[in-house]
Number of protein chains: 2
Amino acid sequence: MPERVFGHIPGYPVGSWFESRASLAAAGLHRPLVAGISGTEAEGADSIVLSGGYEDDEDCGDEIVYTGHGGRDQDTGKQVAHQKLNHGNLALAKSKLKGLPVRVIRGSAHKADDSPSTGYRYDGLYQVEDYWQERGRAGYYIWRYRLVKIFENEVFTFSKVTEDVASYSIPCRKETTILRIVRDTKQAQRIKELYDYCCQVCCVRLEGTAGPYAEAAHIRPLGIPHNGSDSIDNLLCLCPNHHVLFDYGAFSVANDLSLLGIEGVLTVIAQHQISVGNLHYHREHYFLKQGEL
Amino acid sequence: MPERVFGHIPGYPVGSWFESRASLAAAGLHRPLVAGISGTEAEGADSIVLSGGYEDDEDCGDEIVYTGHGGRDQDTGKQVAHQKLNHGNLALAKSKLKGLPVRVIRGSAHKADDSPSTGYRYDGLYQVEDYWQERGRAGYYIWRYRLVKIFENEVFTFSKVTEDVASYSIPCRKETTILRIVRDTKQAQRIKELYDYCCQVCCVRLEGTAGPYAEAAHIRPLGIPHNGSDSIDNLLCLCPNHHVLFDYGAFSVANDLSLLGIEGVLTVIAQHQISVGNLHYHREHYFLKQGEL
């Protein structure tokens, strides 16, 4: 079995069309013949196929909310149990953790305006921007992934090529850059100033040559499908380490502001009213349900 | 004086042309009549004008290496002293720290293929991706800034608008996303695995629901103009906090691996040969020279 390739497959540009899952697999675009997610828990996921299997998938073209696998009745296709963060689901989460690009293939059975009328089409590289748990339409916990298209103008030019960069199958003299999005609005500035750039979890204040540095973390994420607001009741001032841990669900916050998953209590000043609904949303979607791993 | 606007100025799309610095100022695109950098040390910089003033400027269109101000002889325009990280220079560094978009205006006197033949042209929003110190052509320390164009397809759509987002002068239902670039190549994966995701400075290992998280930090940065290599001798495995502090020059590493700026010694295992030349490059460009602030 050749090494798993993360990135484009040489010879198959974006838009390449395939008659069947077998021809997709033969080209190396998506190796498994049935599974929607290609990859392993240790390496991460290299490709997914959107083929209408899950009622909870959402597809806006450059932005996809993809549903993990498992928990479905084999005969009816209905969700009859919770999904677990293992196998392909964990592989796709790992791709976020490792910042790996994921090939996206759309099949004709996929319900989206832009699906091919027959067969399968390679639609380019996406990054896994986020993953979380939620109750699907059938009432069971499902794993969901937000994938965002990587545009070619987000590819930087290099003056030096290493073999390893080339082995990622990105055109020569280029390297994929994986983008971590840090939003900075007036509200983000305001929350940092309220706490004087000190982390609300560990009280650390990072000092650079141009001044202090902190990050504004949204409790209920912005954007589709969470639609959290960019307001002070949905923001925390965190150091980068606690921002990562919060976004990855390593800890959450109870309504009484005690921390869940780690020791301690969130530091909150009087001027900062945190929405209890937003805290609930974070716990429900990002903090792993007991026994669901 | 109206509030400083970070972002587009309504009524003046990218490509708008102005006859003079006075008309640029009247439109609010770039308020100072002489200075190349508009902004304050506390708020950050909202715009710059490229007008051929500095021999060390470099312009590749979507990517600019801009030189700070100060240290020039008023009569000859030659660099006769070191530049300091204050006034406009600190404002521009602050824009990186705060993730603020900077309006870029090119003037006819600016030496680049794409400069307007007369007057000034608004060329859109850029982010300050990096700043550092180096010896300019005249032998004095100058401050340099790498600015990268923000493309409109890096703008996310929102379902909820707050007044504050609107006051950033981004079209309705949209918000600028400031992108922190985290590169992830095979070498980046390798350095993290070598250290089992433990920070080489503080030994922290962040644990998320899908596994451990660490960042690969390039000692000598990739890309123009540093051209560091994506190889193991140019990488460190750091937690996000120490990655930020390293990139912002809050600490550096001596050739004997002792830390500069903070207490301690870098943890380095036998299989990891760090290039002394790359450590020297980081100290020289990112670690503030004594007495130069």
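Residues numbered from 1 in each chain as written. Chains lettered and ligands numbered in written order. Predicted model: local features only at pLDDT ≥ 70, side-chain atom pairs only at ≥ 80, totals over all residues. Heavy atoms only, no water.

1. Some thoughts on the overall build of chain A
What chain A contains, in helices and strands, is six helices and 16 strands. In chain A, buried positions account for 58% of the 293 residues. Considering only intrachain contacts with a sequence separation of at least 6, the fraction spanning at least 24 residues in chain A is 60%. In the structure as shown, chain A presents an accessible area of about 11,700 Å², 52% of it carried by carbon and sulfur atoms. (Helix = DSSP H or I, 4+ residues; strand = E, 2+ residues; numbered from the N terminus. Buried < 20%, exposed > 50% of the residue type's maximum accessible area, 1.4 Å probe, protein only. Contact = heavy atoms within 4.5 Å. Areas by Shrake-Rupley, 256 points an atom, 1.4 Å probe, with all protein chains shown as cover.)

2. Observations concerning helix H2 (residues 87-98) of chain B
All names here are of chain B. The first and last C-alpha atoms of H2 sit 16 Å apart over twelve residues, in line with the 16 Å expected at 1.5 Å per residue. Burial in H2 covers these residues: Gly88, Asn89, Leu90, Ala91, Leu92, Ala93, Lys94, Ser95, Lys96, Leu97 and Lys98. One or two positions beyond H2, positive phi appears at Gly99, with a value near 65°. (Expected span 1.5 Å × (residues − 1).)

3. Re unusual backbone geometry
Residues and elements named next belong to chain A. For Tyr197, which is not glycine, the phi dihedral falls at a positive 65°. Looking at where Tyr197 falls in the secondary structure, it is placed in the loop between helix H4 (186-194) and strand S11 (206-208). With relative accessibility at 12%, the residue Tyr197 sits in the buried group.

4. Focus: the pairing of strand S3 (residues 44-50) of chain A
Residue and element names in this part refer to chain A. Most of S3 sits out of view: seven of its seven residues are buried. Relative to S3, strand S2 (residues 37-40) runs antiparallel, the two sharing four bridges. Bridge pairing in S3 places Ser38 opposite Ser47. Between the end of S2 and the start of S3, which pair antiparallel, lie three residues. With four bridges joining them, S3 and strand S6 (residues 101-107) adopt parallel strand pairing. Each residue of the ladder has a partner; that of Leu50, found in S6, is Arg106. (Pairing = 2+ DSSP bridges.)

5. Examining H4 of chain A
Three or more residues of H4 of chain A are buried, namely Gln187, Ala188, Gln189, Ile191 and Lys192 of chain A. Once H4 of chain A finishes, Asp196 of chain A follows within two positions and takes phi at roughly 50°, a positive value.

6. Structural notes on the packing of aromatic side chains
Tallied over the entire structure, the rule returns 14 aromatic pairs over all chains. Ring centres of Trp132 of chain A and Tyr286 of chain A lie 6.5 Å apart, and the angle between their planes is 40°; on these two criteria the pair is classed as tilted. Linking Trp132 of chain A in strand S7 (residues 120-135) with Tyr286 of chain A in helix H6 (residues 276-286), this pair joins segments that are 154 residues apart in sequence. Just as Trp132 of chain A is buried, Tyr286 of chain A falls in that class too. On the numbers, 5.4 Å between centres and 50° between planes, the contact of Phe246 of chain A with Phe251 of chain A is tilted. As far as burial versus exposure is concerned, Phe246 of chain A and Phe251 of chain A are alike and both buried. Ring pairing ties together the aromatic residues Tyr131, Trp143, Tyr145 and Tyr248 of chain A together with Tyr213 of chain B, which thus form one cluster. The ring of Tyr141 of chain A is capped by Arg135 of chain A, whose NZ or CZ atom sits 4.4 Å from the centre of that ring. (Phe/Tyr/Trp six-rings, centres within 6.5 Å; stacked < 30°, edge-to-face > 60°. Lys NZ or Arg CZ within 6 Å of the ring centre and 35° of its normal.)

7. Overview of the side chain of His285 of chain A
Residue and element names in this part refer to chain A. Of note, His285 is situated in helix H6. Residue classification places His285 among the buried positions, given a relative accessible area of 10%. If we ignore the near neighbours within four places in the chain, the residues touching His285 are Trp132, Gln133 and Glu134.

8. Notes on the packing of helix H5 (residues 240-247) of chain A against helix H5 (residues 240-247) of chain B
Contact geometry of H5 of chain A with H5 of chain B gives a least axis separation of 6 Å together with a crossing angle of 140°. Comparing their axes, H5 of chain B and H5 of chain A come out oblique. Every residue of H5 of chain B that contacts H5 of chain A at Pro240, Asn241 and Val244 of chain A is listed here: Pro240, Asn241 and Val244 of chain B. Counted by class, the contact of H5 of chain A with H5 of chain B contains four nonpolar, two polar and no charged residues. (Axes fitted to C-alpha atoms, helices over the stretch in contact; angles between N-to-C directions. Parallel < 35°, antiparallel > 145°, perpendicular 65-115°, else oblique. Nonpolar A, V, L, I, M, F, W, Y, C, P; charged D, E, K, R; others polar.)

9. Observations concerning the state of the cysteines
Residue and element names in this part refer to chain A. Enumeration over the complete set of coordinates arrives at zero disulfides over all chains. Just so you know, Cys202 is unpaired, no disulfide at all, and the nearest cysteine sulfur is the one on Cys199, 3.7 Å from it. Looking at Cys202, the relative accessible area reads 33%, which means it is partly exposed. Sulfur of Cys237: no disulfide; nearest cysteine sulfur belongs to Cys199 and is 7.1 Å away. Overall, the relative accessible area of 0% leaves Cys237 in the buried class. (Disulfide = S-S within 2.5 Å.)

10. Describing the pairing of strand S6 (residues 101-107) of chain B
All names here are of chain B. With seven of seven residues buried, S6 lies mostly within the body of the structure. Here S6 shows a buried face lined by Pro101, Arg103, Ile105 and Gly107 and a second buried face lined by Val102, Val104 and Arg106. Examined bridge by bridge, S6 and strand S7 (residues 120-135) share six bridges and lie antiparallel to one another. Paired with Pro101 across the bridge in S7 is Gln127.

11. What to know about the pattern of salt bridges
Residue and element names in this part refer to chain A. With the rule as written, the count across this model stands at 30 salt bridges over all chains. Asp196 serves as the salt-bridge partner of Arg205, at 3.4 Å between the closest nitrogen and oxygen. Residue classification places Arg205 among the partly exposed residues on the basis of a relative accessible area of 31%. Here Glu207 makes a salt bridge to Arg205, at a shortest N to O gap of 2.1 Å. Residue classification places Glu207 among the partly exposed positions, given a relative accessible area of 38%. (Salt bridge = Lys/Arg side-chain N within 4 Å of Asp/Glu carboxyl O.)

12. With respect to the environment of Leu92 of chain A
Residues and elements named next belong to chain A. Mapped onto the fold, Leu92 is located in helix H2 (residues 87-98). Between the alpha carbons of Leu92 and Lys78 there is a distance of 22 Å; along the sequence they are 14 residues apart. When residues no more than four places from it in sequence are discounted, the contact partners of Leu92 are Ile37, Ala45, Ile48, Tyr66, Val102, Val128 and Tyr145.

13. Considerations on the confidence of the model for chain A
All names here are of chain A. Per-residue confidence for chain A averages 84 on the pLDDT scale, and 86% of its residues sit at or above 70. Model confidence for chain A, summarised as mean pLDDT per element, is weakest for helix H3 (residues 163-166) at 28 and strongest for strand S14 (residues 235-238) at 98. Contacts for the low-pLDDT stretch residues 153-183, under 50 throughout, to residues beyond four places or in other chains number 92 contacts. (pLDDT = per-residue confidence, 0-100.)

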